[in-house]
Amino acid sequence: MSGINYSDKIPNNVNLSEDRTLQRALESWQPNFLGWWRDMGPDDSQNFDVYLRTAVSVDPQGWAQFGHVKMPDYRWGIFMNPAVADRAIYFGDHLGQAAWQDVPGEHRANLRRIIVTQGDTEPASVEQQRHLGMTCPSQYDLRNLYQVNVEEGRHLWAMVYLLHKHFGRDGREEAQALLERHSGDANHPRILAAFNEATPDWLSFFMFTYFTDRDGKFQLCALAESAFDPLARTTKFMLTEEAHHMFVGEAGIARVIARTAQVMNELKTEDAAKLRAAGVIDLPTLQRYLNFHFSVTIDLFGADESSNAAIFYSSGLKGRYEEGKRQDDHVLKGQTYKVIQAQGDQLIEREVPMLNALNEVLRDDYIADSVAGVERWNKVLAKAGIAFRLKVPHKAFHRNIGALAGIKVSPTGELVSEVEWNAHVDQWLPSASDRAYVASLMGRVTEPGKFANWIAPPVMGINRQPVDFEYVRFA
Ligand SMILES: [Fe+2]
Ligand SMILES: [Fe+2]
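Because the structure is predicted, anything quoted here is derived from the model rather than measured.

About the thresholds
Residues numbered from 1 in each chain as written. Chains lettered and ligands numbered in written order. Predicted model: local features only at pLDDT ≥ 70, side-chain atom pairs only at ≥ 80, totals over all residues. Heavy atoms only, no water. Donors = N, O, S within 2.8 Å, 3.2 Å for Na, K, Ca; no water. Tetrahedral: all angles 85-135°; square planar, octahedral: opposite > 155°, others 65-115°. Buried < 20%, exposed > 50% of the residue type's maximum accessible area, 1.4 Å probe, protein only. Helix = DSSP H or I, 4+ residues; strand = E, 2+ residues; numbered from the N terminus. Axes fitted to C-alpha atoms, helices over the stretch in contact; angles between N-to-C directions. Parallel < 35°, antiparallel > 145°, perpendicular 65-115°, else oblique. Left-handed = near helix turned anticlockwise from the far one by under 90°. Contact = heavy atoms within 4.5 Å. Nonpolar A, V, L, I, M, F, W, Y, C, P; charged D, E, K, R; others polar. Core = buried A, V, L, I, M, F, W, Y, C linked by side-chain atoms within 4.5 Å. Expected span 1.5 Å × (residues − 1). Bend = angle between axes of the 7 residues up to and from the residue. Pairing = 2+ DSSP bridges. Phe/Tyr/Trp six-rings, centres within 6.5 Å; stacked < 30°, edge-to-face > 60°. Lys NZ or Arg CZ within 6 Å of the ring centre and 35° of its normal. Salt bridge = Lys/Arg side-chain N within 4 Å of Asp/Glu carboxyl O. Polar contact = N/O pair within 3.5 Å; in protein donor to acceptor, adjacent residues only side chain to side chain.

**Focus: the coordination of the iron ion (ligand 2)**
Listed as protein donors to the iron ion (ligand 2) are Glu152 (OE), Asp213 (OD), Glu242 (OE) and His245 (ND1); their distances from the metal cover 1.9 to 2.2 Å. Angles of 90 to 174 degrees at the metal separate the four donor atoms of the iron ion (ligand 2), which places the site in the irregular class. Summarised as a motif, the one-chain spacing of the donors to the iron ion (ligand 2) is E-x60-D-x28-E-x2-H. Given the relative accessible area of 3%, glutamate 242 is considered buried.

Okay, structure coming up:
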């Protein structure tokens with residue numbers, strides 16, 4: 001790997017062309033990244049020309065340049081939001097002190113762990129989604145999938161930059177390991193459980209980008225508050241891209257709902273069997289997919305009580321969502337927060353020190369944000385004159401982390417016996433037959449402007465292009 005023209009090949013605003021140490025680290029990592037993309041990235045897509053957005057700078061003209069590119073030639077860049085002069089730490093024990101431009105020795109291990117955990121999710125989602133291109137419902141959707149994939153690749157670069165720049169040899173080893181763990185790999189799995197789940201079909205993909213990319217948003221928002229300024233600035237820029245991923249999910253599900261509602265009205269039926277015979281996704285199946293993705297995603301926030309969460313906050317590594325907008329002392333000592341646990345045959349609330357409950361605080365902020373989009377989906381149903389409403393399940397439903405792990409709770413929040421759970425689980429979570437039915441709908445639609453039967457076209461195209469634009473030119 002020689003003769004990289006750094007600003008051209010790797011767009012950046014981190015002064016890469018002057019930084020020999022960073023160049024050397026990236027020169028050995030980049031070919032491994034490209035090898036990973038070839039082996040674990042989108043299936044059979046190497047020669048397609050895809051209408052992609054590339055960030056070439058952080059200013060408003062530069063962050064979203066559109067054009068057809070072959071994905072292995074995508075210019076994965078390294079960007080940070082501009083520095084804020086004299087930025088001070090505004091939460092935790094170092095409140096009021098200057099933000100750190102380098103990693104303080106005493107926080108090195110925790111910061112590395114935070115960056116590696118975030119970094120691991122980025123390539124994981126690309127791996128989870130790698131087969132979806134083979135069953136795209138349209139060219140427009142295929143392009144959106146690939147956009148999400150290349151940007152998750154760029155998010156990996158963002159975290160690798162921090163590891164290479166600030167963590168020396170350990171950082172280089174961690175950067176390499178990010179390419180060696182794989183989603184769902186029995187021997188070398190990704191770090192977090194939700195990133196080892198399969199994303200087998202496009203309904204799962206839209207639910208994933210709505211719910212799980214939104215977990216990304218909340219984690220990035222918490223890290224954007226960090227006292228470690230390079231992490232704060234890097235994650236702030238990542239958030240500009242994350243917004244599109246959540247749009248893909250929200251709009252995707254809204255289009256599925258719109259198409260189902262249309263067929264329900266045409267056939268004047270709510271009967272799932274009749275709707276399936278007509279080739280659309282019945283609303284109870286949508287609800288079960290929602291239940292699954294919501295519950296798996298809220299586990300990502302971690303245990304409801306966590307001494308690590310307290311340490312990360314008090315030491316200034318990770319703030320709360322919108323920390324700067326909150327009207328409190330930003331230290332939180334002596335304050336409490338309610339968490340849920342099972343006692344006897346019911347769920348009870350318990351007050352715990354807020355510092356230990358910061359995972360739960362972030363989870364609750366996430367839930368409030370998720371619910372808002374579900375209400376927008378319900379508006380699509382209301383507008384079509386359909387009474388059915390989607391709903392996020394109770395926070396204790398189908399949990400695998402913290403005090404609620406393994407407890408059997410219905411989507412409406414009642415503790416149930418093992419027997420009741422088993423009797424109802426196929427109404428609460430996608431059953432094997434639901435998944436088989438959704439899989440049966442997945443065919444490949446690639447003619448410009450054509451859409452699979454189970455999903456409505458979008459209202460408008462990408463970057464003001466028409467819906468029937470040639471978003472992907474196949475080899
Ligand atoms: Fe990401
Ligand atoms: Fe994302």
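**Some points on the coordination of the iron ion (ligand 1)**
Protein ligation of the iron ion (ligand 1) involves Glu122 (OE), Glu152 (OE) and His155 (ND1), the donor distances falling in the range 2.0 to 2.2 Å. For the iron ion (ligand 1), all donor residues lie on one chain, and their spacing in sequence is E-x29-E-x2-H. Taken as a pair, the iron ion (ligand 1) and the iron ion (ligand 2) lie 3.4 Å from each other and share glutamate 152 as a ligand. Of the two residues, glutamate 122 sits in helix α3 (residues 108-128) while glutamate 152 sits in helix α4 (residues 139-166), which places them 30 residues apart along the sequence. Here the two residues glutamate 122 and glutamate 152 agree in accessibility, since each one is buried.

**A closer look at the packing of α3 against helix α5 (residues 168-177)**
The contact between α3 and α5 brings their axes to 11 Å, and the two run at 20 degrees. On the basis of the axis angle, α3 is roughly parallel to α5. The hand of the α3/α5 crossing is right-handed. Side by side, α3 and α5 meet where Arg108, Arg112 and Val116 of the first sit next to Gly168, Asp170 and Glu174 of the second. The residue makeup of the contact of α3 with α5, split by class, is one nonpolar, one polar and four charged.

**Looking at the nonpolar core**
Among the nonpolar cores identified, the biggest contains 108 residues, and Leu286 and Trp454 are the most heavily contacted of them. No other element matches α4, which puts 14 residues into this core. Filtering out sequence-adjacent residues up to four positions away, tryptophan 454 remains in contact with Pro137, Trp202, Phe206, Val256, Arg259, Gly279, Val280, Ile281, Leu441 and Met442. One finds Phe195, Val296, Leu300 and Phe397 within the second-largest nonpolar core, a separate group that totals twelve residues.

**Here we look at helix α7 (residues 229-267)**
For an α-helix, 3.6 residues make a turn, and residues three or four places apart therefore share a direction. The end-to-end C-alpha distance of α7, which contains 39 residues, comes to 57 Å, matching closely the 57 Å that a straight helix rising 1.5 Å per residue would cover. Taking the largest bend as the criterion, α7 deviates by roughly 30 degrees, centred on threonine 240. Following α7 by one or two positions, lysine 268 adopts a phi angle in the positive range, close to 50 degrees.

**Here we look at the sheet that holds strand β2 (residues 65-70)**
Spatial strand order, β2-β1-β5: three strands in an open sheet with antiparallel pairing. Edge positions in the open sheet fall to β2 and β5 (472-473), since each of these has one partner strand only. Pairing analysis gives six bridges linking strand β1 (residues 49-54) to β2, with the strands arranged antiparallel. Within β2, the position partnered with valine 50 by the bridge is valine 69. Lying on the sheet, α4 is in contact with β1, β2 and β5; it crosses β1 at an angle near 50 degrees.

**Let's talk about the side chain of glutamine 129**
Looking at where glutamine 129 falls in the secondary structure, it is placed in the loop between α3 and α4. On the accessibility criterion, glutamine 129 (1% relative accessible area) is buried. Sequence-distant contacts of glutamine 129, that is, excluding residues within four places in its chain, are made with Leu145, Val148, Asn149, Thr199, Phe205 and Phe208.

**A closer look at the packing of aromatic side chains**
Going through the model one piece at a time under the given rule, you end up with 31 aromatic pairs. Taking 5.4 Å as the distance between ring centres and 65 degrees as the angle between the ring planes, the aromatic pair formed by tyrosine 74 and tryptophan 76 counts as edge-to-face. For the pair tyrosine 74 and tryptophan 76, one class covers both residues: buried. Chaining the aromatic ring pairs together yields one cluster made of Trp29, Phe33, Trp36, Trp37, Tyr74, Trp76 and Trp157. Above the face of the tryptophan 421 ring, lysine 408 is positioned so that its terminal group lies 5.3 Å from the ring centre. Geometry around tyrosine 289 places arginine 435 over its ring, the cationic atom sitting 5.2 Å from the centre.

**Re the pattern of salt bridges**
Considering all chains together, one arrives at 34 salt bridges under this definition. A salt bridge links aspartate 434 to arginine 288, with the nearest nitrogen and oxygen atoms 2.6 Å apart. Within this pair, whereas aspartate 434 is found in helix α13 (residues 432-441), its partner arginine 288 is found in helix α9 (residues 283-298), the two being separated by 146 residues in sequence. Each member of the pair aspartate 434 and arginine 288 is classed as buried. For glutamate 360, the salt bridge is made with arginine 363, and the minimal N-O distance between the two is 2.7 Å. On the criterion of helical spacing, the pair formed by glutamate 360 and arginine 363 is a turn pair, its members being three residues apart in helix α11 (residues 358-383). Comparing glutamate 360 with arginine 363 shows no difference in burial state: the two are buried. What you see here is one network of salt bridges that share partners, running through Arg108, Arg112, Asp170 and Glu174.

**As for the pairing of strand β3 (residues 336-343)**
Bridge analysis of β3 against strand β4 (residues 346-353) gives eight bridges, and the strand direction is antiparallel. In the strand pairing of β4, isoleucine 340 is matched with glutamate 349. Turn length for the β3-β4 hairpin, with the two strands adjacent in sequence and antiparallel, is two residues, and the turn residue glycine 344 shows positive phi of about 60 degrees.

**Brief notes about unusual backbone geometry**
The phi torsion of most residues other than glycine is negative, and most of the peptide bonds are trans. Residues other than glycine seldom take positive phi values, yet asparagine 15 does so here, at roughly 60 degrees. By secondary structure assignment, the location of asparagine 15 is in the loop between α1 (6-9) and α2 (20-40).

**So, the environment of threonine 235**
On the secondary structure map, threonine 235 appears in helix α7. In this structure threonine 235 comes out as buried when scored by relative accessible area, which is 0%. Sequence-distant contacts of threonine 235, that is, excluding residues within four places in its chain, are made with Met159, Leu220, Leu223 and Ala224. Polar contacts involving the side chain of threonine 235 include one to the main-chain carbonyl oxygen of alanine 232, which spans 3.1 Å.

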